[in-house]
Amino acid sequence: MLVVIPARYESVRLPGKLLLPIAEKAIVVHTAERAAIAEGVSSVIVATDDERIVRVVAEAGYNVKLTSREHESGTDRVAEVAAEFDPETIIVNVQADEPLIDPNLISSVAECLANNLEIDIATAYESISDIESVFDPNVVKVVEEAGIALYFSRSPVPFQRDGAMKHGGLREFLEADPGALKVFKKHLGIYAFRNSFLQKFAKSRPSRIEFEEKLEQLRALALGARIGIVASESVSIGVDTPEDYEKVRAIMEI
């Protein structure tokens, strides 16, 4: 299993975030460290578009490759690096801004793919426990059935029609019956691909629904992929904003 960590320098909400220090190490280095101790990982490669990230990661002792600046997504960056490997290699795409990622989650997602030849991709979710996340378009929701992802959306899915009609709206229903939150699942941005499918995906055109939702995993569904999905036993905290950064620092610098 190969872990590739796409690491783009630019960030709208927190410029240069991957090089911000936590406990005297850059965020991207913490992520690489966590990935390296996941069971079954043979190698970790950071794929970046910036010489500053190359320098910091190399100085920390991790493999790093400078990739094209023209890539539109992290998955494209991962595919460029993975193209050098065997088509049957399992490639795990781990987001660079996840310094607290659970190594067990990386292994679980890879095992989900390795143990099921009928799926093309594996990914993960965690339960949603607050109403605001249901309606937050930055929290991607996933609908799954028997371990297979059926759809991803920034909207509240699956929509609970009967409860919403009874209470005059979905928010009102969830406020009246917080237990109904259990059907909502937050998609986590970790993916395991068989390299052959990853290369096919990267060469394909974005689908219409991907363009509408701005979710590239919808392209995989449009291509007919079966996506396995596992539950995360830990809570993820990605560093997207200054508030996230301070929250993660408070946890890691105790």
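Quick look at the structure, then. Since we're looking at a predicted model, the values are computed, not measured.

This next bit is on empty space enclosed by the protein. A complete count under the given rule lists two cavities of 30 Å³ or more for this structure. Put simply, the largest cavity is a space of about 110 Å³. Lining the largest cavity, in full, are Q95, E98, L100, I101, D102, L105, L188, G189, I190, S234, V235 and S236. The leading source of residues in the lining of the largest cavity is strand β10 (residues 185-194), at three residues. Looking at the lining of the largest cavity, its residues break down into six nonpolar, four polar and two charged. Taken together, T75, I121, Y191, F193, F201, E216, Q217 and A220 make up the lining of the second largest cavity. A class-by-class count of the residues in the lining of the second largest cavity yields five nonpolar, two polar and one charged.

What follows is about the nonpolar core. Among the nonpolar cores identified, the biggest contains 42 residues, and V3, I5, V28, V92, I106 and I190 are the most heavily contacted of them. For this core, the element with the highest residue contribution is helix α4 (residues 103-114), accounting for six residues. Ignoring any residue separated from it by four or fewer positions in sequence, one finds V28 in contact with A7, L18, L19, V46, V57 and A96. Within the second largest apolar cluster, 26 residues are counted, among which are V78, I121, A149 and F193.

Residue placement: K203 occurs in helix α8 (residues 195-203). Judged by relative accessible area, K203 falls into the exposed class, the value being 72%. Residues K203 and A110, spaced 93 residues apart in sequence, show a C-alpha to C-alpha distance of 23 Å.

This next bit is on unusual backbone geometry. With omega at 0°, the peptide bond leading from V157 into P158 counts as cis. Within the secondary structure, P158 sits in the loop between β9 (148-153) and α6 (161-167). The backbone phi angle of A23 is positive, close to 50°, even though this residue is not glycine. Within the secondary structure layout, A23 lies in the loop between β2 (21-22) and β3 (25-26). Of the residues examined, A23 reaches a relative accessible area of 35% and is grouped as partly exposed. A positive phi angle is found at K214, which is not glycine, with a value near 60°. Here K214 is to be found in the loop between α9 (208-213) and α10 (217-222).

Turning our eyes to something else, we now look at the layout of surface pockets. Considering only enclosed or pocket space, the largest pocket measures out at about 1900 Å³ in volume. R13, Q95, D97, R154 and D240 are, among the 49 residues lining the largest pocket, the residues nearest its centre. For the lining of the largest pocket, the secondary-structure elements that each account for two or more residues are β1 (2-7), α3 (74-82), β10, α9, α10 and α11 (242-252). Per element, the largest residue contribution to the lining of the largest pocket is five residues, and it comes from β10. Among the residues forming the lining of the largest pocket, the class breakdown is 15 nonpolar, 15 polar and 19 charged.

All chains considered together, the criterion is met by 12 salt bridges. One salt bridge connects D240 with K17, and the closest N-O pair in it is separated by 3.2 Å. Separated by 223 residues along the polypeptide, D240 in the loop between β11 (227-231) and α11 and K17 in the loop between β1 and β2 bring together distant segments of the chain. On the accessibility criterion, D240 (27% relative accessible area) is partly exposed.

Calculation criteria
- Residues numbered from 1 in each chain as written.
- Predicted model: local features only at pLDDT ≥ 70, side-chain atom pairs only at ≥ 80, totals over all residues.
- Heavy atoms only, no water.
- 1 Å grid on protein atoms, 1.4 Å probe; cavity = no way out; pocket = protein on both sides within 12 Å on 5 of 7 lines; lining within 4 Å.
- Points joined across faces, edges and corners; volume = space filled by probe spheres on them.
- Helix = DSSP H or I, 4+ residues; strand = E, 2+ residues; numbered from the N terminus.
- Nonpolar A, V, L, I, M, F, W, Y, C, P; charged D, E, K, R; others polar.
- Core = buried A, V, L, I, M, F, W, Y, C linked by side-chain atoms within 4.5 Å.
- Buried < 20%, exposed > 50% of the residue type's maximum accessible area, 1.4 Å probe, protein only.
- Contact = heavy atoms within 4.5 Å.
- Salt bridge = Lys/Arg side-chain N within 4 Å of Asp/Glu carboxyl O.

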